[in-house]
Amino acid sequence: MRRLTVPRIRARKKDGHTEQPLVMLTAYTARQAQLLDAHCDLLLVGDSLGQVIYGLASTVPVTLDMMANHAAAVVRGSYHSVVVVDMPFGSYEASKEKAFESASYLLKQSGAAAVKLEGGEAMAETVAFLNQRGIPVMGHVGLTPQAVNVLGGYAARGRSDAEAGKIVSDAKALDDAGAFAIVIEGVVEPIAIEATQAVSCPTIGIGASAQCDGQVLVTEDMLGMFERVPRFVKRYEDIASIIDKTVATYAEEVRERVFPGEEQTYQPKD
Ligand code: KIV
Ligand code: NA
């Protein structure tokens, strides 16, 4: 199976309609990518790895090299999905030239196909600049976690008319700038639908609406591996309790000298 391409993802939305929603999940490691790859259209190396992998309080401290290293692992662990890498806070906002330098570094270090960055109208010029120079860009509007210090938290967006209008015009600006897809995060449903109808490229919802052209979740959240999750996460499994039970059994067997048993022990003649 040949790897999907950005143009094929973009083309899944035709005349404002997406027949089969796009499936995206986050991946941070090679093994995780192997397990998810065949089921997904896109794997996102999200800067959520700041909290999920590194125990940071937000995505703000995440660095370019953290993203590049995890993206390289995810590319090595996948052969089917389009791999998209988040541009971390501070690596792209200052200028379109700085953004190109950071984005090209990410793609060269990892082999990923595209980057994602947060922001709407303010980033449109940058999106066009990168796209015209060989770097496909996925946009991200609504609740943009890198702006937590401006927003003051992670509450859903689009409840006031001003906020709602801004989300739709941000999505339009990214679409006009050539974004191949747009993540809509933490947005009240009518606004997610309006934004989806307003753009020609696919929208990918997270805490948005089933009417988006695709969906994404943080894999650890949907597997039940992360402690605190927003209301929009559906927990499909409770992997944390499986790990807890399994590790408790291991610890007990070590303490009781049950493990290692004969099967796991080398003898001179076997
Ligand atoms: O970093 C991330 O995981 C994301 C998705 C939640 C869209 O940006
Ligand atoms: Na992100």
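Residues numbered from 1 in each chain as written. Chains lettered and ligands numbered in written order. Predicted model: local features only at pLDDT ≥ 70, side-chain atom pairs only at ≥ 80, totals over all residues.

### With respect to the site of ligand 1
- Close contacts around ligand 1 come from Thr-26, Leu-44, Gly-46, Asp-47, Ser-48, Asp-86, Val-183, Glu-185, Ile-206, Val-216 and Val-218, and that covers them all.
- The residue makeup of the shell around ligand 1, split by class, is 5 nonpolar, 3 polar and 3 charged. (Near = placed C-beta within 6 Å. Nonpolar A, V, L, I, M, F, W, Y, C, P; charged D, E, K, R; others polar.)

### Topic: helix H5 (residues 96-110)
- Helix length check: H5 (15 residues) gives 21 Å between terminal C-alpha atoms against 21 Å at 1.5 Å per residue, within 8%.
- Along H5, the residues classified as buried are Ala-99, Ser-102, Ala-103, Leu-106, Leu-107 and Ser-110. When H5 is viewed along its axis, its buried side chains cluster within an angular range of 130° and face the same direction. Facing away from the buried surface of H5 by more than 90 degrees, the exposed residues are Glu-97 and Lys-108.
- On its buried side, H5 packs onto helix H4 (64-76), strand E5 (82-86), strand E6 (114-116) and helix H6 (121-132).
- Downstream of H5 by a residue or two, Gly-111 has a phi angle that is positive, lying close to 80°. (Helix = DSSP H or I, 4+ residues; strand = E, 2+ residues; numbered from the N terminus. Expected span 1.5 Å × (residues − 1). Buried ≥ 20, exposed ≤ 12 C-beta atoms within 10 Å, placed from the backbone. Arc of directions from axis to C-beta. Contact = placed C-beta atoms within 7 Å.)

### A word on the confidence of the model for the protein chain
- Confidence along the protein chain averages 97 in pLDDT terms, with 100% of residues attaining 70 or more.
- Across the interfaces of the predicted complex, the ipTM metric reaches 0.99, alongside a pTM of 0.97. (pLDDT = per-residue confidence, 0-100.)

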